Amino acid sequence: MSLTITEFRDEMGIITLDNDSKRNSLSSELIEEIISGLNYFKDNDARVAILRANKESKVFSAGHDINELAKPGRDPLSYNDPLEQVLRAIEHFPAPVIAMLNGSVWGGATELIFTCDIIIATRKATLALTPARIGVPYNPNGILHFLNMLSISVVKELFYTAQPLSAERAEQLGIINHLVAEEELETYTFALAEKIKKNAPLSIAVMKEQLRLLSKASPLSPETFERIQGLRRTVYDSNDYKEGIQAFLEKREPVFKGN
Ligand code: YXS
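Described in the following lines is the structure provided in the data block. (Residues numbered from 1 in each chain as written. Predicted model: local features only at pLDDT ≥ 70, side-chain atom pairs only at ≥ 80, totals over all residues. Heavy atoms only, no water.)

### Regarding the overall build of the protein
Right, on to step 1. Looking only at helices and strands, one finds 11 helices and 10 strands in the protein.
Right, on to step 2. Taking 259 residues into account, the globule formula puts the C-alpha radius of gyration at 18 Å, and the protein, at 18 Å, falls close to it.
Right, on to step 3. Over its C-alpha atoms, taken along the principal directions, the protein stretches across nearly 55 × 40 × 35 Å.
Right, on to step 4. Here the protein holds 259 residues, and 48% of them are scored as buried.
Right, on to step 5. Expressed as a percentage of contacts within the protein between residues at least 6 apart in sequence, the contacts between residues at least 24 apart total 71%.
Right, on to step 6. Only carbon and sulfur atoms are counted for the fraction: they give 55% of the accessible area of the protein, which is about 13,200 Å².
Right, on to step 7. Where the 29 positive side-chain charges of the protein centre and where its 35 negative ones centre are 3 Å apart. (Helix = DSSP H or I, 4+ residues; strand = E, 2+ residues; numbered from the N terminus. Rg over C-alpha atoms; globule rule 2.2 N^0.38 Å. Buried < 20%, exposed > 50% of the residue type's maximum accessible area, 1.4 Å probe, protein only. Contact = heavy atoms within 4.5 Å. Areas by Shrake-Rupley, 256 points an atom, 1.4 Å probe, with all protein chains shown as cover. Lys, Arg positive; Asp, Glu negative; His and termini not counted. Charge placed at Lys NZ, Arg CZ, Asp CG, Glu CD.)

### Quick word on a nonpolar patch on the surface
Right, on to step 1. A surface patch of nonpolar side chains, about 230 Å² in accessible area, is lined by I143, L147 and I152.
Right, on to step 2. By the secondary structure assignment, L147 is in helix α5 (residues 140–147). (Patch = residues over 30% accessible without salt bridge, like charges linked within 9 Å, V, L, I, M, F, W, Y side chains within 5 Å. Salt bridge = Lys/Arg side-chain N within 4 Å of Asp/Glu carboxyl O.)

### Some details on the packing of helix α1 (residues 28–43) against helix α2 (residues 82–92)
Right, on to step 1. For the pair α1 and α2, interaxial distance at closest approach is 10 Å and the crossing angle is 20°. In terms of orientation, α1 and α2 fall into the roughly parallel class. You can see that α1 and α2 cross each other, and the crossing is left-handed. Of the residues in α2, those in contact with S28, I31, I34, I35 and L38 of α1 are P82, L83, Q85, V86, A89 and I90.
Right, on to step 2. Here the residues of the contact of α1 with α2 are counted per class, giving nine nonpolar, two polar and no charged. (Axes fitted to C-alpha atoms, helices over the stretch in contact; angles between N-to-C directions. Parallel < 35°, antiparallel > 145°, perpendicular 65-115°, else oblique. Left-handed = near helix turned anticlockwise from the far one by under 90°. Nonpolar A, V, L, I, M, F, W, Y, C, P; charged D, E, K, R; others polar.)

### Side note on the environment of P72
Right, on to step 1. Inspection of the secondary structure assignment puts P72 in the loop between β4 (59–61) and α2.
Right, on to step 2. Considering only alpha carbons, one finds P72 and S27, 45 residues apart in sequence, at a separation of 18 Å.
Right, on to step 3. The contact partners of P72, leaving out residues within four places of it in the chain, are Y236, Y241 and K242.

### Examining the site of the ligand
Right, on to step 1. If you check the shell around the ligand, you find 22 residues, and the closest are K22, A62, I66, G108 and K251.
Right, on to step 2. Note that a nitrogen atom of the ligand is positioned 2.9 Å from one of the backbone N or O atoms of I66.
Right, on to step 3. Protein contact buries 75% of the 1,000 Å² of open area that the ligand shows by itself.
Right, on to step 4. The site holding the ligand turns out to be the largest pocket.
Right, on to step 5. Considering each element in turn, the shell around the ligand owes the most residues, three residues, to helix α4 (residues 131–134).
Right, on to step 6. Residues that form the shell around the ligand fall into these classes: nine nonpolar, eight polar and five charged. (Near = heavy atom within 4 Å. Polar contact = N/O pair within 3.5 Å; in protein donor to acceptor, adjacent residues only side chain to side chain. 1 Å grid on protein atoms, 1.4 Å probe; cavity = no way out; pocket = protein on both sides within 12 Å on 5 of 7 lines; lining within 4 Å. Sits in = over half its atoms within 2 Å of the grid points.)

### Section: the sheet that holds strand β1 (residues 4–9)
Right, on to step 1. Across the sheet, six strands lie side by side as β1-β2-β3-β5-β7-β10; this open sheet has mixed pairing. Because the sheet does not close on itself, it has two edges, and the strands there are β1 and β10 (178–179).
Right, on to step 2. Summarising the sheet, strand β3 (residues 48–53) and strand β5 (residues 97–101) pair through four bridges and their orientation is parallel. Paired with A49 across the two strands is V97, which belongs to β5. (Pairing = 2+ DSSP bridges.)

### Looking at the pattern of salt bridges
Right, on to step 1. One pass over the structure, following the stated rule, counts 14 salt bridges.
Right, on to step 2. With a shortest N-O distance of 2.9 Å, D117 and K208 are connected by a salt bridge. In this pair, D117 sits in the loop between α3 (108–115) and β7 (118–121) while K208 sits in helix α9 (residues 201–215), placing the two residues 91 residues apart along the sequence.
Right, on to step 3. If you follow the salt bridges from partner to partner, you end up with E243, E250 and R252 in one network.

### Focus on α1
Right, on to step 1. Look at α1: 22 Å from first C-alpha to last across 16 residues, which is about the 22 Å you get at 1.5 Å a residue.
Right, on to step 2. Of the positions making up α1, those classed as buried are L30, I31, E33, I34, I35, G37, L38 and F41.
Right, on to step 3. Taken together, the buried residues of α1 touch β1, β2 (12–17), β3 and α2.
Right, on to step 4. Two residues or fewer after α1 comes D45, characterised by a positive phi angle close to 55°. (Expected span 1.5 Å × (residues − 1).)

Below is the structure:
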């Protein structure tokens, strides 16, 4: 049974997350469908792609599928984790990817949205960063995605509180490009997509890749990288990481003890 709906017409691809019973949580299966949809669009010279959920979905995506999080002792956000793969698929997709939001976004799905090129949302959209809620040590590339878009004080607040950011505040902070009324969301998004389609695709593709390369151009010495990995290991080896996952699966609030 498909977890997404993939459409392609007039050089525009649309991927609709369609697994509301599991709040569009980013399972490896759902991620595989997103990546293959993007590959199909690329093979057919799409000039723009739209990533959305169903119209009536209250949750755009609940983030990484917690059932699939690496067991304690292994890095939950390693380079080849499905979430990291879909983030790279969006970053390397040679045309703009527009996120169309009308519901709440959680955890790794918030990074997925930040990785998109343009965000159009209604007031029902909220964005939450949740590693501290689960006991996950977010990864450097992921943190850099947020640091490239926000002041460090806002990034700290989002990571430390794990509280959802309102659409209004996200627009004020420049995360959401356009905040529109619910009844206008589709027409506004498709109209913007049409404007992009009329422009030179090679120019856009190369500017998108330059923006990706320049935004990541922060040199890390091997020693710094290894120190970060060592720090992250103390977290994903911890009892708190185990407790965060267990609490979610048992549908109860976690009790973190700092070890
Ligand atoms: O019990 P059933 O089978 O009906 O399934 C429930 C939930 O277990 C399931 N579900 C998820 N399954 C796997 N991974 C998830 N992230 C996930 N979220 C939800 O969907 C069914 C309905 O969930 P329910 O009853 O809670 O729905 P609700 O409408 O009352 O509440 C919607 C949410 C999104 C507020 C709630 O489901 C929720 O808080 N979900 C977890 C959000 C979250 O903490 N996501 C972070 C995942 S970890 C991650 O993304 C990164 C690793 S990190 O943490 O580092 O950012």
